[in-house]
Structure formats: structure tokens, C-alpha cells
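Examination of the molecular architecture
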Amino acid sequence: MTDKTVVILGGTADARKLADSLVESRGDRIRVITSLAGRTKNPKLPKGEIRDGGFGGAEGLATYLSETGCDLLIDATHPYAAQISRHAAEAAKAANVPRLLLNRPAWEEQDGDNWTHVPDIQSAADRITRYSQACLITTGVNDLAAFAGIVTTKMFVRLIEKPENLPLDHAEIVIGSPPYKTGDEIALMQMLGIDLMITKNAGGTGTYAKIEAARTLGIDVIMIDRPALPESDTVDSVEGALARTLENLD
Ligand code: NAP
């Protein structure tokens, strides 16, 4: 019989690895529930239990934490998913549940990189036409409407799956799933004649190949910087999160 409950706010590869490790090492004693936003049609599922869809704000999440008897909330969402992280902070406080944030380190600019930093997607869109004939957009499906007014630049949008509605009539979709390889990214950018890439600073290794490819080809990058996250007890790796979880619950 399990004697502790951990809720992981997931949707990332790190969240999946963490749930798998917890179930494999302590599945007999710890109930592991991963919460997904429910945006991807066929997500790769972690071990343990899954719940799907929004909670209805911080209040809904606090209720969920109380109802499940959660002993630890781990926020392992994407670094740009700032709303759910804010809700996690409020809900954990309200439900009096300890909270851990797993936030992998951001990529850092290196020699040969040519990054322009912007604070948000709209500022990135505002810069495209000044720079580019052919732009690769890798910022995800959520905020693509920001690019709707751009007509003089050819836009290629890379996504994990084909969306039901793409808010950009004149863009082309490139389907792909991480982990990517640098050689493939170079070939893709050359084939499409890319001269600018717009990206978020996701960190980690799964999508870093595009940064290496842009460096190799001398392609300019518009880097949308990370949003501020709530002050948190933070770890920067799955291993760190696993160790802290066991420390907390054993
Ligand atoms: P968000 O803006 O922080 O969250 C919006 C709402 O979605 C939340 O308020 C919550 O709804 C629900 N939600 C989010 N994560 C959830 C989870 N794990 N379990 C249950 N409900 C969840 O986050 P987002 O809309 O998911 O994404 C924002 C940005 O993050 C995207 O534009 C994208 O760039 C980035 N992102 C990237 C990846 C990736 O793997 N590449 C994955 C996710 C997000 P309620 O308020 O109803 O509870």
C-alpha cells in the first residue's frame, strides 16, 4: 500500500523521466500522479497515474491537492508555462502542500551565436520583416497568431503535430519531434533557405541542435527570453528533483 502522494505538473520530457524514476524506485510506497494540460493528441505517457486537463485556476488546483491528499507538488512544466507555475505556487500555499520547481537551465549564448533578445512573442514578430526572407519559427503552436500580419517573409513553422487550425494561412508547417540532430537541422535550414530563426530558450538537450545548426550556418536567432516564475524551492535536473523528493518523503 502506498503511503505518500506526489503530484507532478507535467507535459515535458523531464516530467516524464521524473515520474518514471519515482515509480521505478518507490512505486510500492509513493503514489505518483502526472497532470497533463491535455493539448497534445497522443502524448508520450509516463509511468504512474495520469490526469488530464486544466484545474480551473489556482483554486481548482488547491482543491485537487487537498482531495488527493498530496504530500508534495512538483512543478515540472515548461519554463514558458508561467501561468500554471503561478497557479501551482498559489495553490500549494493555500492547500499547505510543499512545492518543488524543476526548471532546467537556460541555454547561454556562445561564440558564433548571434542572438537578439526579446521579451515576448509580439516583439519577435515585430522584428521579422526587418531581418528575413525565410524564417523558421519554433515557438510552439500557442501564440502563432502574433505572426499573422507578416506577408513579406516566408515563414516555416515547426510543430510536433499538425494543428487542427493554423492561424497563419501563408506559413508552411514542418513536422518534427525532438530529440533533433545537428546535421539534420543544418540540412533542413539549408533546404528551406532559412536566414532567421525565432525560438524560446527551452534549455536542455532535446532541441539544442537547432541552436548549433544556426551557429554553424551563421543564421540570426531571435531569442524570446524566459518569463519570470514565482519564487520557488528550485532544482535544475531530474536527478536533483528525484533526490529532493525522496529526501522530502522518506
Ligand atoms: P500556461 O499558459 O502556463 O497554462 C495555461 C493553463 O493550462 C493553466 O492555467 C492550466 O489551466 C492549464 N495547464 C497548463 N499546464 C497544465 C498541467 N500540467 N496540468 C493541468 N493543467 C495545465 O501553459 P501552457 O498553455 O501549457 O503553455 C504556455 C507556453 O509554454 C506555450 O506557449 C509553450 O511555449 C510552452 N510549452 C511548451 C511545451 C513543450 O514541451 N515544448 C509544453 C508546454 C508548454 P487551469 O488554469 O484551468 O488549471
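Our structure is the block above this text.
Some points on helix α5 (residues 182-192)
- Taken together, the buried positions of α5 are occupied by Glu185, Ile186, Leu188, Met189 and Leu192. The buried residues of α5 all sit within an arc of 165 degrees when viewed along its axis, so they share a single face. Pointing more than 90 degrees away from the buried face of α5 are the exposed residues Asp184, Gln190 and Met191.
- In the core, the buried residues of α5 are packed alongside β7 (134-137), β8 (154-159), β9 (172-175), β10 (196-200) and α6 (209-217).

So, the environment of Ala124
- Among the secondary structure elements, Ala124 is positioned in helix α4 (residues 121-131).
- Distance from Ala124 to Lys181, taken between C-alpha atoms, is 25 Å for residues 57 residues apart in sequence.
- Setting aside chain neighbours within four positions, we find Ala124 in contact with Val118, Ile198, Ile222 and Ile224.

Brief notes about helix α3 (residues 82-95)
- With 14 residues, α3 should cover 20 Å at 1.5 Å per step; its first-to-last C-alpha distance of 20 Å lies within 8% of that length.
- By the burial criterion, the buried members of α3 are Ala82, Ser85, His87, Ala88, Ala89, Ala91, Ala92 and Ala95.
- Among the structural elements, β1 (4-9), α2 (57-68), β4 (72-75) and β5 (99-102) are those in contact with the buried residues of α3.
- Remark: Asn96 follows α3 within two positions and exhibits a positive phi of approximately 60 degrees.

Some details on the site of the ligand
- The immediate surroundings of the ligand are formed by 23 residues, with Ser35, Arg39, Phe55, Gln83 and Lys200 found nearest.
- Between the ligand and His78 there is a distance of 3.4 Å, counted from a nitrogen atom to a side-chain nitrogen or oxygen.
- Between Lys200 and the ligand, the recorded distance is 2.3 Å, taken from a side-chain N or O atom to an oxygen atom.
- Isolated, the ligand exposes 870 Å² of accessible area, and the fraction of that covered by the protein chains is 76%.
- Secondary structure elements with two or more residues in the shell around the ligand: β2 (30-36) and α3.

Here is what the cut-offs are and how they apply
Residues numbered from 1 in each chain as written. Predicted model: local features only at pLDDT ≥ 70, side-chain atom pairs only at ≥ 80, totals over all residues. Heavy atoms only, no water. Buried < 20%, exposed > 50% of the residue type's maximum accessible area, 1.4 Å probe, protein only. Helix = DSSP H or I, 4+ residues; strand = E, 2+ residues; numbered from the N terminus. Arc of directions from axis to C-beta. Contact = heavy atoms within 4.5 Å. Expected span 1.5 Å × (residues − 1). Near = heavy atom within 4 Å. Polar contact = N/O pair within 3.5 Å; in protein donor to acceptor, adjacent residues only side chain to side chain. Areas by Shrake-Rupley, 256 points an atom, 1.4 Å probe, with all protein chains shown as cover.

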